[in-house]
Amino acid sequence: AAPSGLKISDNKEILCRQRYVLGDTAMQKMAQSHVFLSGIGGLGVEIGNKCFLLNFQCTKWDLGINFFIHEDDITSQRNRAEATLHRIAELNPYVHVAASVVPLDETTDLSFLKQYQCVILTEVSLLLQKKINDFCHAQQPPIKFISADVYGICSRLFCDFGDEFEVLDTTGEEPKEIFISNITQSNPGIVTCLENHPHRLETGQFLTFREVNGMSCLNGSTHQITVVSPYSFSIGDTSDMEPYLHGGIAVQVKTPKMFYFERLEKQIINPLCLVADFSKPEAPLQIHVAMLALNHFQENFGRGPNIGCLQDAEEMLKIAMSVSETLENKPQVNGDVVKWLSRTAQGFLAPLAAAVGGVASQEVLKAVTGKFSPLQQWLYIDMLDIVTPLEKMGCEEFLPRGDRYDALRACIGDSLCQKLHDLNVFLVGCGAIGCEMLKNFALLGVGTGQDKGLVTITDPDLIEKSNLNRQFLFRPHHIQKPKSYTAAEATLNINPYLKIDSYINKVCPATENTYSDEFYTKQDVIVTALDNVEARRYIDSRCVANLRPLIDSGTMGTKGHTEVIVPHLTESYNSHRDPPEEEIPFCTLKSFPAAIEHTIQWARDKFESSFSHKPSLFNKFWQTYPSAEEVLQRIKSGESLEGCFHVIKTLSRRPRSWTQCVELARVKFEKYFSHKALQLLHSFPLDTRLKDGSLFWQSPKRPPFPVKFEFNDPLHYGFIVSAAKLFATVYCVPFTEKVIHTATVFPSHNLDVVQTDETARKPDHIPVSSEDERNAIFQLEKSIVSNEALENDLQMKPISFEKDDDSNGHIDFITAASNLRAKMYNIEPADRFKTKRIAGKIIPAIATATAAVSGLVALELIKVVGGYPADAYKNCFLNLAIPIMVFTETLRIIIKMYIHHTIFTVFTNFTCMNKKEFSTPKSK
């Protein structure tokens, strides 16, 4: 038994990636939750590892299924709870974890469960599950009930959150904002979006309107919509409203949704299952019947079916036939499913437990927060794709040998176990998925062969504090240590027989000497755990060239994917392309922002330009021309020196005290947030019209209004302080926090040409006039005479943007600059947390999704090692928030033909002997 309490107020840095997924409201609800988890075997520890945490003595069997149990726990004869408790607790010191060894059985008084909001059962008989479920369901409010089991190559998950369960946010996605181009006066009124901007809404959703000109009565009102097309939707009767003129934004309104659940007893008879593989929609019911038959077998005989025992399998088949008759739809019994479940039920597939454990953990979060759509009500995940070759193996292949791999051996046989031990695998990335993969490798015994087998890992990154909540191999004392070295050491604690080499190299074209073709040919399989698409594409190209299998995966928040690439069987990763990320047009960033993302990117660009790019150019120039006197002489002689005018301007304006840094920040305030607005309004007054007579300033263009500096405004003050600190850093000016001076700069009347073309790009070079040249000579002479062009004056300190160090002021500057620009354009501002995510391009992450994805990858790895045919492999896309899990067949390889009936695929290598051109290929 394990009560759990979360404290997050002091722990936001550790949990920041998770906060992006759940939000603060859900995190606070988690902090107040108490959760009970029964069973700390392989599946229980997977759930406990992701969320928070009976008395069984540790055995060698546990070494292959429970990654928190070590060999000394067996020699010391510790029980599971004793061995596991402190290792679970150290994952997050802000979570209170307690353990109980009091038996949980049919005689237990269940009243102690009333203190919990959620109960999770593993390794509990079906009869006891029913009893506890009835108790939980009857409470007011109901105690959320989750049960999960892994038997051999099959797993199941069941959820019951009470008769009614209200969810405030079913998807966790940001509310959509749609810019409006037209609204008809009709019944129903049709709202049309801006061209090339599909709304991506669904019928039945609610929207509220703002900034509509003409049909102003819509502003502030909420309407349920019906989708008409990808670019339009109806909102009801608008025939009596004023005519629409221009502008307007429709914002999605999140509305609560009620979910309804039935008790376990009733759901057993008429199950509602999530179908994960639409190529076999009958599978969930077939596994449902088989697992019920297994439960009845256990009740009848007081044991599970023996490993590989055909007699027990026949008995279980008879039970399955009887069970099927008791179910409402009397589903057909699949004899093969029942047989293989019986033969492997005593075994345990650790990656399967990781997959279902990740999903179960997400359901726990839903239960205690009311965020995301809960599972209704069953999920079955299986590995039945692997059984066909196992048919030819004798029973002795699956029998225990008395080592840590007995549970695995009972599922896949000893021969396949040995292939895993002898495997050479290259894992690229030791982040969240990488850590989970190493755990799976350790439990499977990958790279532990006596003469063969090696795990090679690489990751150039250091461990940050924010990594700790989902990269479970790392602890606080590992911060700022290399991920790969630390992960390798931690993995050896799980399985000391693992052979592992760790590196800190990037995998990209620049590392070809490190990871040569010879290196790739020595690998049996490559596994990528990266969020960099270009790196993935490069690795795929190397795998294709060297005919190596590749398993790719990734997550973003609650979403995840896996993809298997096998030479000569499937297409490669590079055979398909995701749509490119939509870039913000230059004119939008420069002059016409319409959303907070635009102002954040503008502020991010200003940071890069002012504190990194320009200082770097300054240093590069003075490295080329080491003295100011030499530069002055060359300019006077008529020589053109690239970049000299900007460098001289920077030198002449160089601040030399903290006060001057503050003054420079005030100058930037006026330039960015006052002069720019005045310039735009001078070029395009509010009543400006286009050639067709329409207003220039209409949606999505917003007219700017100058911001008047107010010392007592925290936003204004924050910009000055953060900008001044950064200027002091790049100009090497010492400063203290005690006194901040401000300088007032009046608007400049030098107006620039405003760019309105959305296809325009930022110019690389700005023409230099003779006046600029004369000014440069004057400014440089003045600096030389004033002794302000000495060696130290010709150096700056460029700043590299770092999002995770809150003390450096980088995010402070970007937040202040972005929100001031948003205020100037009447755009809703963003808090520091959201700004950090967008500016830092932080990918939201949560341990539940990474565990599920890594488990699925390891299951596919078993198939790759076993040399399975193409139809055995499965790609997967999942979104645990909705929830959906979709398995699809891999993309079959495309065979093409050239002249002379030459057949080739993406994995074919040609040696070109002459310049004769090939004809256009034809797909076969």
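Fair warning: this is a prediction, and the values are worked out from it, not measured in the lab.

Participant: Would you explain the overall build of the protein in this entry?
Facilitator: Helix and strand counts for the protein come out as 29 helices and 26 strands. The C-alpha radius of gyration computed for the protein amounts to 32 Å, which stays within 12% of the reference 29 Å derived for 924 residues, consistent with globular compactness. Projecting the C-alpha coordinates of the protein onto the three principal axes gives extents of approximately 100 × 75 × 70 Å. Buried positions account for 54% of the 924 residues belonging to the protein. Here the protein has roughly 41,400 Å² of accessible surface; of this, 51% comes from carbon and sulfur atoms. For the protein, the centre of its 94 positive side-chain charges and the centre of its 108 negative side-chain charges are spaced 3 Å apart.

Participant: Before we go on, may I ask you to explain the packing of aromatic side chains in this structure?
Facilitator: Any two aromatic rings considered together are summarised by their centre-to-centre distance and by the angle between their planes. All chains considered together, the criterion is met by 38 aromatic pairs. Ring plane angle 50 degrees and centroid distance 5.5 Å describe the contact between Phe 36 and Tyr 116, whose orientation is recorded as tilted. The two residues Phe 36 and Tyr 116 agree in class, both being buried. When the centroid spacing of 6.2 Å and the interplanar angle of 65 degrees are considered together, the rings of Phe 145 and Phe 158 count as edge-to-face. Taken as a pair, Phe 145 in strand E3 (residues 144–151) and Phe 158 in strand E4 (residues 154–160) lie far apart in primary sequence, 13 residues in all. A relative accessible area of 0% means that Phe 145 is categorised as buried. Each residue in the set Trp 602, Phe 607, Phe 611, Phe 669, Tyr 672, Phe 673, Phe 709, Phe 719, Phe 727, Tyr 731, Phe 801 and Phe 813 is aromatic and connected to the rest through ring pairs, giving one cluster. For the cation-ring pair, Arg 343 lies above Trp 340, with the distance from its terminal atom to the ring centre recorded as 4.3 Å. Residue placement shows Arg 666 over the ring face of Phe 709; its charged tip is 4.1 Å from the ring centre.

Participant: Can you walk me through the UniProt feature "domain: Ubiquitin-activating enzyme E1 FCCH" (unreviewed entry) in the protein in this structure?
Facilitator: On the UniProt side, "domain: Ubiquitin-activating enzyme E1 FCCH" (unreviewed entry) is annotated at positions that read residues 186–254 here. As a span, residues 186–254 carries 0% helix and 35% strand, and end to end its C-alpha atoms are 26 Å apart.

Participant: Just to check I follow, could you spell out the nonpolar core for this structure?
Facilitator: Nonpolar side chains tend to gather and get buried jointly when the protein is soluble and globular. Of all hydrophobic cores here, the largest spans 158 residues; its most connected members are Ile 132, Ile 153, Leu 349, Ile 412 and Phe 441. In this structure Ile 412 touches Leu 349, Ile 386, Leu 390, Met 393, Phe 398, Cys 417, Leu 420 and Ile 862, once residues within four positions along its chain are discounted. Listed in part, the 68 residues of the second largest apolar core include Ile 600, Phe 607, Val 733 and Ala 822.

Participant: Quick question: what am I supposed to make of the sheet that holds strand E9 (residues 222–224) here?
Facilitator: Picture the strands of a sheet paired through backbone hydrogen bonds; they go either parallel or antiparallel. Taken in spatial order, the seven strands of this open sheet run E9-E8-E12-E6-E7-E11-E10, and their pairing is antiparallel. With one partner strand each, in any of the chains shown, E9 and strand E10 (226–229) form the two edges of the open sheet. Within this sheet the neighbouring strands show an average axis-to-axis angle of 40 degrees, counted without direction. Strand direction decides the pairing type here: strand E8 (residues 206–210) and E9, joined by three bridges, are antiparallel.

Participant: Explanation requested: helix H6 (residues 80–89) in the structure shown.
Facilitator: Along an α-helix, residues three or four apart share an orientation, since each turn contains 3.6 residues. Among all positions of H6, only Arg 80, Ala 81, Ala 83, Thr 84, Arg 87 and Ile 88 are buried. Mapping the buried residues of H6 onto a view down its axis gives an arc of 160 degrees, with all of them on the same face.

Participant: Could you clarify how one ought to interpret helix H17 (residues 483–494) in this entry?
Facilitator: Here H17 is twelve residues long and its end C-alpha atoms lie 17 Å apart, about the 16 Å a rise of 1.5 Å per residue gives. Three or more residues of H17 are buried, namely Lys 483, Ser 484, Thr 486, Ala 487, Ala 488, Ala 490, Thr 491 and Ile 494. Where H17 is buried, its residues contact helix H16 (432–444), strand E17 (454–458) and strand E18 (500–503).

Participant: Is there a simple way to explain the sheet that holds strand E2 (residues 118–121) in this structure?
Facilitator: Across the sheet, six strands lie side by side as E1-E2-E3-E4-E15-E14; this open sheet has mixed pairing. Each edge of the sheet is formed by a strand with only one pairing partner; in this case those strands are strand E1 (35–38) and strand E14 (273–274). Of the strands in this sheet, E2, E3 and E4 touch helix H7 (residues 126–138), which is tilted by about 165 degrees from E3.

Participant: Where do I start with a positive patch on the surface in this structure?
Facilitator: Together, Lys 590, Lys 614, Lys 649, Arg 653 and Lys 671 make up a positively charged patch on the protein surface. Residue classification places Lys 649 among the partly exposed residues on the basis of a relative accessible area of 39%.

Participant: Quick question: what am I supposed to make of the pattern of salt bridges here?
Facilitator: Proximity of charged atoms lets side chains of opposite charge pair with each other. Scanning the model with the defined rule gives 39 salt bridges in all. Residue Glu 265 pairs with Lys 130 through a salt bridge whose shortest N-O separation is 3.7 Å. Here Glu 265, found in helix H8 (residues 264–269), pairs with Lys 130, found in helix H7; they are 135 residues apart in sequence, far enough to count as distant. The buried category is assigned to Lys 130, whose relative accessible area is 18%. Salt-bridge contacts for Asp 149 lead to Arg 156; the nearest nitrogen and oxygen are separated by 3.3 Å. One network of salt bridges, with partners in common, ties together Lys 280, Asp 382, Asp 385, Glu 860 and Lys 863.

Participant: Help me out: how do you make sense of unusual backbone geometry in this one?
Facilitator: Residues Gln 140 and Pro 141 are joined by a peptide bond in cis, for which omega reads -5 degrees. With respect to the element layout, Pro 141 can be found in the loop between H7 and E3. Cis geometry is found at the peptide bond from Ser 699 to Pro 700, where omega equals 10 degrees. Turning to its location among the elements, Pro 700 is positioned in the loop between helix H24 (658–683) and helix H25 (714–730). Here the phi dihedral of Lys 330 falls at roughly 45 degrees; this positive angle occurs in a residue that is not glycine. Of note, Lys 330 is situated in the loop between helix H10 (310–326) and helix H11 (335–344). We classify Lys 330 as partly exposed; its relative accessible area is 46%. In the Ramachandran plot, Leu 547 falls in the positive-phi region, its phi being about 55 degrees despite a non-glycine side chain. Tracing the backbone shows Leu 547 in the loop between helix H19 (533–545) and strand E20 (550–556). Leu 547 sits in the partly exposed class, given a relative accessible area of 32%.

Participant: Whenever I open this one, the side chain of Ser 342 confuses me. Can you help?
Facilitator: Relative to the helices and strands, Ser 342 resides in helix H11. At 3.4 Å, the side chain of Ser 342 and the backbone nitrogen of Ala 313 are in polar contact. With sequence-adjacent residues up to four places away left out, Ser 342 is seen in contact with Pro 305, Asn 306, Cys 309, Asp 312, Ala 313 and Met 316.

Cut-offs applied
Residues numbered from 1 in each chain as written. Predicted model: local features only at pLDDT ≥ 70, side-chain atom pairs only at ≥ 80, totals over all residues. Heavy atoms only, no water. Helix = DSSP H or I, 4+ residues; strand = E, 2+ residues; numbered from the N terminus. Rg over C-alpha atoms; globule rule 2.2 N^0.38 Å. Buried < 20%, exposed > 50% of the residue type's maximum accessible area, 1.4 Å probe, protein only. Areas by Shrake-Rupley, 256 points an atom, 1.4 Å probe, with all protein chains shown as cover. Lys, Arg positive; Asp, Glu negative; His and termini not counted. Charge placed at Lys NZ, Arg CZ, Asp CG, Glu CD. Phe/Tyr/Trp six-rings, centres within 6.5 Å; stacked < 30°, edge-to-face > 60°. Lys NZ or Arg CZ within 6 Å of the ring centre and 35° of its normal. UniProt positions renumbered as here; feature names shortened; annotations may be inferred. Core = buried A, V, L, I, M, F, W, Y, C linked by side-chain atoms within 4.5 Å. Contact = heavy atoms within 4.5 Å. Pairing = 2+ DSSP bridges. Axes fitted to C-alpha atoms, helices over the stretch in contact; angles between N-to-C directions. Arc of directions from axis to C-beta. Expected span 1.5 Å × (residues − 1). Patch = residues over 30% accessible without salt bridge, like charges linked within 9 Å, V, L, I, M, F, W, Y side chains within 5 Å. Salt bridge = Lys/Arg side-chain N within 4 Å of Asp/Glu carboxyl O. Polar contact = N/O pair within 3.5 Å; in protein donor to acceptor, adjacent residues only side chain to side chain.

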